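Examining the three-dimensional arrangement
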Amino acid sequence: MKKLGMLFCMLCMSLMPGLSRAQGIENGDSMLSVYLGVGSAVNKSGLEVEGKNLSWGNIGWEGGLSYLYFPVSFLGMGVNIRYAGFQGSNNVEYIPGHWHWHTLESKMQTHTLQLMGAGRINLNPASSVRVYMPFGAGLVLTNSLMTYTWDDYYEQREHSLDTSFGWYAGVGVEFEQRNGAAWAIEARYNTFRYKDSYFAERIGAVPTAKNSSYNYVSLSVSYNF
């Protein structure tokens, strides 16, 4: 994370001199990009306890790399690698027992690695200020850690890995600088499918078939060559 942040800062500093002669995106161009952003879960997990779904994530961060090749100026295709981490909010449930109600407090940490085919549609590829729509689909690796406590005295941690299909789509605005460099602000909707049966067996929850989704906004720096 620190190395990615340092690289991002160095690339940003290289763009600070300002706008110069705009070249736009042409047929046969390639683009390498670095992203950093913040995201927020838009739904809860598929774990249901006493009629309520547990939170799989709250506010998180995301970073990644992408490479695109533009056979024509308005359409690019390539690959996208992204990593996202989310800290779930505390979930407190009250479960009836034989003699009294029990308290179940749970918290999830969720991390995802996206390995996807990527695409981008440029609405005005010849302009120095470009509007574009990114999209992609592929493999999502999910790493989750759940910590839960019964009645404030018994704590247990469970760890789960899962692989699923995911996709994303969004919109962005890109500002071209000098020598093929550019920076952009982008918003994306991301979704993937996560199996909750592993955790469900351990906390007495009911698993439901449900995609996990999140939105995020990022800044990126790119080099067009």
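A brief look at the structure comes next. Please read these numbers as outputs of a predicted model, since none were measured by experiment. (Residues numbered from 1 in each chain as written. Predicted model: local features only at pLDDT ≥ 70, side-chain atom pairs only at ≥ 80, totals over all residues. Heavy atoms only, no water.)

1. Overview of the nonpolar core
- With 18 residues, the main nonpolar core has Trp56, Phe70, Phe86, Phe192 and Tyr214 as its most contacted residues.
- Among the elements of the structure, β1 (29–41), β4 (59–72), β5 (75–87), β7 (101–122), β8 (129–150) and β12 (211–224) are those that each provide at least two residues to this core.
- If one sorts the elements of this core by residue count, β7 sits on top with 3 residues.
- With residues up to four places along the chain from it excluded, the contact list for Phe192 reads Trp56, Thr112, Val140, Thr142, Ser164, Phe165, Gly166, Asn211, Ser212 and Tyr214. (Core = buried A, V, L, I, M, F, W, Y, C linked by side-chain atoms within 4.5 Å. Buried < 20%, exposed > 50% of the residue type's maximum accessible area, 1.4 Å probe, protein only. Helix = DSSP H or I, 4+ residues; strand = E, 2+ residues; numbered from the N terminus. Contact = heavy atoms within 4.5 Å.)

2. Brief notes about the environment of Met77
- Inspection of the secondary structure puts Met77 in strand β5.
- For Met77, a relative accessible area of 43% translates into the label partly exposed.
- For the pair Met77 and Tyr67, spaced 10 residues apart in sequence, the C-alpha to C-alpha distance is 8.1 Å.
- Leaving out residues up to four positions away in the same chain, Met77 has contacts with Tyr67, Leu68, Tyr69, Ala118, Gly119 and Phe135.

3. Description of the pattern of salt bridges
- Under the criterion given, the structure shown has 6 salt bridges.
- Residues Glu174 and Arg120 are paired through a salt bridge, measuring 2.7 Å at the closest nitrogen-oxygen approach. Here Glu174, found in strand β9 (residues 154–176), pairs with Arg120, found in strand β7; they are 54 residues apart in sequence, far enough to count as distant. Residues Glu174 and Arg120 agree in their burial class; the two are buried.
- Salt-bridge contacts for Arg130 lead to Glu174; the nearest nitrogen and oxygen are separated by 2.8 Å. On the criterion of sequence distance, the pair formed by Arg130 in strand β8 and Glu174 in strand β9 is long-range, its members being 44 residues apart.
- For Arg130, a relative accessible area of 1% puts it in the buried group.
- Overlapping salt bridges, with partners in common, bring together Glu62, Arg82, Glu186 and Arg188 in one network. (Salt bridge = Lys/Arg side-chain N within 4 Å of Asp/Glu carboxyl O.)

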